[in-house]
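Summary of the model geometry
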Amino acid sequence: MKSIKLLLVALVPLVFQACVASKNLLNNDVVKTALTKCPGPEMNISTIPSRGPIPDAMAISAIKAGNDGGFSNEFATFIKSEPKNVSVYCPNPDKLEALISHTLSLYQNNALKGISICLIGVENSKDLTTEAARTGASLTFVP
């Protein structure tokens, strides 16, 4: 009986996480949203897949532990090239927020001055806004 309760306690957060990861845009919709709602007419666009509630929860834990699956390297490549505008989309806003938070934490103060980051599918986040301000990046949220 205790094992059933433990299982339920473990699964309930994952069920609620599934509700959060419900906005899934097609690639054309991501591009259209980026072009119409993100700053700058030219940009690099990155789409991060959502693998479902359990794999995403595991990925978020890994990201918070420092393993972002190579996203920070992709971001570094984007900001070294022109244009300096980056739009990022993930159907799971918690996973996207974790990726951006981790990536921004890798940069020193004002190291991203002139870089514009547009997060598609994420509500305004005070923590991300603070971290972006520290790094000098301009952050746009497109819910």
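These lines cover the structure that appears in this document, whether it is placed above or below. Since the model is a prediction, treat every value here as computed from it, not as a measurement.

Parameters at a glance
Residues numbered from 1 in each chain as written. Predicted model: local features only at pLDDT ≥ 70, side-chain atom pairs only at ≥ 80, totals over all residues. Heavy atoms only, no water. Helix = DSSP H or I, 4+ residues; strand = E, 2+ residues; numbered from the N terminus. Polar contact = N/O pair within 3.5 Å; in protein donor to acceptor, adjacent residues only side chain to side chain. Contact = heavy atoms within 4.5 Å. Buried < 20%, exposed > 50% of the residue type's maximum accessible area, 1.4 Å probe, protein only. Right-handed = clockwise from strand over helix to strand, strands pointing away. Phe/Tyr/Trp six-rings, centres within 6.5 Å; stacked < 30°, edge-to-face > 60°.

With that settled, consider the side chain of T33. Among the structural elements, T33 can be located in helix α2 (residues 27–37). Reaching out from T33, the side chain makes a polar contact with the backbone oxygen of D29 at a distance of 2.8 Å. If we ignore the near neighbours within four places in the chain, the residues touching T33 are L25, C38, I120 and V142.

So, about the environment of I79. Along the chain, the position of I79 falls in helix α4 (residues 71–80). As a C-alpha pair, I79 and N44 span 35 residues in sequence and 8.9 Å in three-dimensional space.

Let us now look at the pairing of strand β4 (residues 138–142). Residues in a regular strand project their side chains so that they alternate between the two faces of the sheet. The element β4 is extensively covered by neighbouring structure, given that 4 of its 5 residues are classed as buried. Since strand β3 (residues 116–120) and β4 lie parallel, the crossover through helix α6 (residues 126–135) that links them has a hand, and here it is right-handed.

Our next topic: the packing of aromatic side chains. Evaluation of the coordinates by the stated rule reveals 2 aromatic pairs. Judged by centre distance (6.4 Å) and plane angle (35°), the rings of F71 and F75 are tilted. Of this pair, F71 and F75 are both found in helix α4, 4 residues apart, which corresponds to roughly one turn of the helix. Residue classification places F71 among the buried positions, given a relative accessible area of 4%. Taking the relative accessible area as the measure of exposure, F75 reaches 2% and is therefore buried. Considering the side-chain rings of F75 and Y107, the 6.0 Å spacing of their centres and the 70° angle between planes classify their relative orientation as edge-to-face. On the criterion of sequence distance, the pair formed by F75 in helix α4 and Y107 in the loop between α5 (93–105) and β3 is long-range, its members being 32 residues apart. Here F75 matches Y107 in class, with each residue buried. Feature note: the residues F71, F75 and Y107 constitute an aromatic cluster, connected by ring pairs.

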